[in-house]
Amino acid sequence: MGCFQSKHDNEESERSRSIDIKLKQAANAEKRDLKLLLLGAGESGKTTIKTQMRYIEGVPPTEEECIQFTDVCRTNMISSLQVILDSMLLLGIPLADDSLKAQANLIVSLQNEYGSVGLDPSSGDILPGVLEAVVALWADANVQETVKTRSNEFQLNDSAEYFLNSAKRIGEKDWKPNEMDVLKARVKTTGVSVTSFVKHDRKFDVLDVGGQRSERRKWLHCFDNVTCLLYVVALNEYNMMLREDESVNRMDEALTLYHSIVTSPFFKSISVILFLNKADLLRRKCRSGLEVNMINQSYPDFKGDPTDWKAVFKFIEKMFVDTLKAPDVTDEAIRNKLVYPHMCTAIDQDSMRAVLTSVSDIILRGNIQAAGLI
């Protein structure tokens, strides 16, 4: 005998089907959204890479966003000169031109007011006499020589020379930062910043978190549902010391941090894109011929030509790639994890466009494989 469903049963069945459809749609949407976690030690260039991703995918900075960087760029310029002058005092290096002492004292005496240095708090203009002092002091032969030969002995932003060379332009009353100024600007990342863009009909969410030691406790909150890890290393930091602890080599810190991340159970099955960044600064440092810039001064295991930047790059790349083969890594799944190294210069858009095309293909292919479709 047949069994007839009541109207109530039909309604319940329809509701169940509707819920199943919505759950399936939600699951498919989750698969379409790719979560990329951008990690690395402080000042490795993570935020610059994230910003370039946004620019390359057709979302350049608005005029308003550029204007917001006016104070940041001017403060970067003035505070960089402060660091240089303070370090010269500590290192016992005098100014080449004694007549600049008064201007040097002016720069050193400037205080940080609400995150800005040497700026009028109401207008954002550079205070009277400050721009002239910056231009004159930056032209001093001993200031230039200190940056060239001793900058690894103190904490100087990579963009210091860029902004100091641009002092007259930056000091103009109605100056507005351009795209490169924004990329070069140094702002400490705190908390978690998310940038989203669409590529190949897939939404990419890039999470950028602060790399300083004090910020790393916040990383754990970002570890769920990660599609791919993007780890950033500054290639030029092999002879530089950590800002938070000047007894620690920056490259050693980056390597230790990388090892702890890629061997973590959280990322056991997650592929890693290794951005070996600041290739332009690596080339410049190796080609300088200065003994202080020779990698074998910091890493005696390097046996090649320390002025050959390609050999230095290969040495650094191997240190990071081989970390999965270290004796303390016993889990075969971790030892066999896929790592994709890419040399890059984050401020060079053409370089980054080629790298990011390759990286997005790797991520999409890995996501399809994870779904069991290939």
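Higher on the page you've got the structure.
Predicted model only: the values in this text are computed from it and were never measured.

Asks: Give me the lowdown on the overall build of the protein, citing residues and values where you can.
Replies: What the protein contains, in helices and strands, is 15 helices and 8 strands. Burial statistics for the protein: of 374 residues in total, 47% are counted as buried. Long-range pairs, those at least 24 residues apart, make up 73% of the contacts in the protein between residues at least 6 apart in sequence. Carbon together with sulfur atoms contributes 52% to the accessible area of the protein, which is approximately 19200 Å² in total.

Asks: Any details on the packing of aromatic side chains? Residues and values, ideally.
Replies: Within the structure shown, the criterion is met by 6 aromatic pairs. Centre to centre, the rings of Phe-197 and Phe-204 are 5.3 Å apart; their planes meet at 5 degrees, and the pair counts as stacked. With a relative accessible area of 9%, Phe-197 lands in the buried category. Ring plane angle 85 degrees and centroid distance 5.3 Å describe the contact between Phe-302 and Phe-315, whose orientation is recorded as edge-to-face. Of this pair, Phe-302 sits in the loop between α12 (279–287) and α13 (309–321) while Phe-315 sits in helix α13, placing them 13 residues apart in sequence. Here the two residues Phe-302 and Phe-315 agree in accessibility, since each one is buried. Among the aromatic residues, ring-to-ring pairing joins Tyr-231, Tyr-258 and Phe-320 into one connected group. A cation sits over an aromatic face here: Arg-283 above Trp-309, 5.0 Å from the ring centre.

Asks: Before we move on, can you summarise helix α6 (residues 130–138) with the specific residues and values?
Replies: Buried residues of α6: Val-130, Leu-131, Ala-133, Val-134, Leu-137 and Trp-138, and no others. Projected onto a plane normal to the axis of α6, the buried residues spread over an arc of 160 degrees and lie on a single side.

Asks: I'd love a proper account of unusual backbone geometry, names of residues and values included.
Replies: You will see that Glu-43, though not glycine, has its phi angle at about 70 degrees, which is positive. With respect to the helices and strands, Glu-43 occurs in the loop between β1 (33–40) and α2 (46–56). Its identity as a non-glycine residue notwithstanding, Lys-278 has a phi of 65 degrees, on the positive side. By the element assignment, Lys-278 lies in the loop between β7 (272–277) and α12.

Asks: Please set out helix α7 (residues 141–150) residue by residue, giving values where relevant.
Replies: Buried residues of α7: Val-143, Thr-146 and Val-147, and no others. One side of α7 carries all its buried residues, which in axial view fall inside an arc of 95 degrees. Buried residues in α7 make contact with α4 (70–91), α6 and α8 (160–165). Between a side-chain oxygen at the N-terminus of α7 and the backbone nitrogen of Asn-142 the separation is 3.0 Å; the capping residue is Asp-140.

Asks: So, the nonpolar core: which residues are in play, and what are the values?
Replies: Core analysis: the biggest nonpolar cluster contains 41 residues, and Tyr-231, Tyr-238, Ile-316 and Phe-320 have the highest contact counts within it. Every element with two or more residues in this core is listed here: β1, β5 (202–209), β6 (228–234), α11 (250–262), β7, α12 and α13. Beyond its immediate sequence surroundings of up to four residues, Ile-316 is in contact with Leu-235, Tyr-238, Met-251 and Ile-295.

Asks: Please provide a residue-by-residue account of the side chain of Asn-293, values included.
Replies: Here Asn-293 shows up in the loop between α12 and α13. For Asn-293, a relative accessible area of 9% corresponds to the buried category. Among the polar contacts listed, one links the side chain of Asn-293 to the side chain of Ser-288, at a separation of 2.9 Å. Once residues within four sequence positions are removed from consideration, Asn-293 is found in contact with Tyr-238, Asn-239, Lys-285 and Ser-288.

Asks: Residue-level account of the packing of α12 against α13, with values.
Replies: Axis separation between α12 and α13 bottoms out at 9 Å; the angle between their running directions is 125 degrees. Judged by the inter-axis angle, α12 sits oblique to α13. Considering how the two elements wind past one another, α12 and α13 form a crossing that is right-handed. Each of Leu-282, Arg-283, Cys-286 and Arg-287 in α12 lies in contact with α13, whose residues at this interface are Trp-309, Val-312 and Phe-313.

Conventions adopted
Residues numbered from 1 in each chain as written. Predicted model: local features only at pLDDT ≥ 70, side-chain atom pairs only at ≥ 80, totals over all residues. Heavy atoms only, no water. Helix = DSSP H or I, 4+ residues; strand = E, 2+ residues; numbered from the N terminus. Buried < 20%, exposed > 50% of the residue type's maximum accessible area, 1.4 Å probe, protein only. Contact = heavy atoms within 4.5 Å. Areas by Shrake-Rupley, 256 points an atom, 1.4 Å probe, with all protein chains shown as cover. Phe/Tyr/Trp six-rings, centres within 6.5 Å; stacked < 30°, edge-to-face > 60°. Lys NZ or Arg CZ within 6 Å of the ring centre and 35° of its normal. Arc of directions from axis to C-beta. Polar contact = N/O pair within 3.5 Å; in protein donor to acceptor, adjacent residues only side chain to side chain. Core = buried A, V, L, I, M, F, W, Y, C linked by side-chain atoms within 4.5 Å. Axes fitted to C-alpha atoms, helices over the stretch in contact; angles between N-to-C directions. Parallel < 35°, antiparallel > 145°, perpendicular 65-115°, else oblique. Left-handed = near helix turned anticlockwise from the far one by under 90°.

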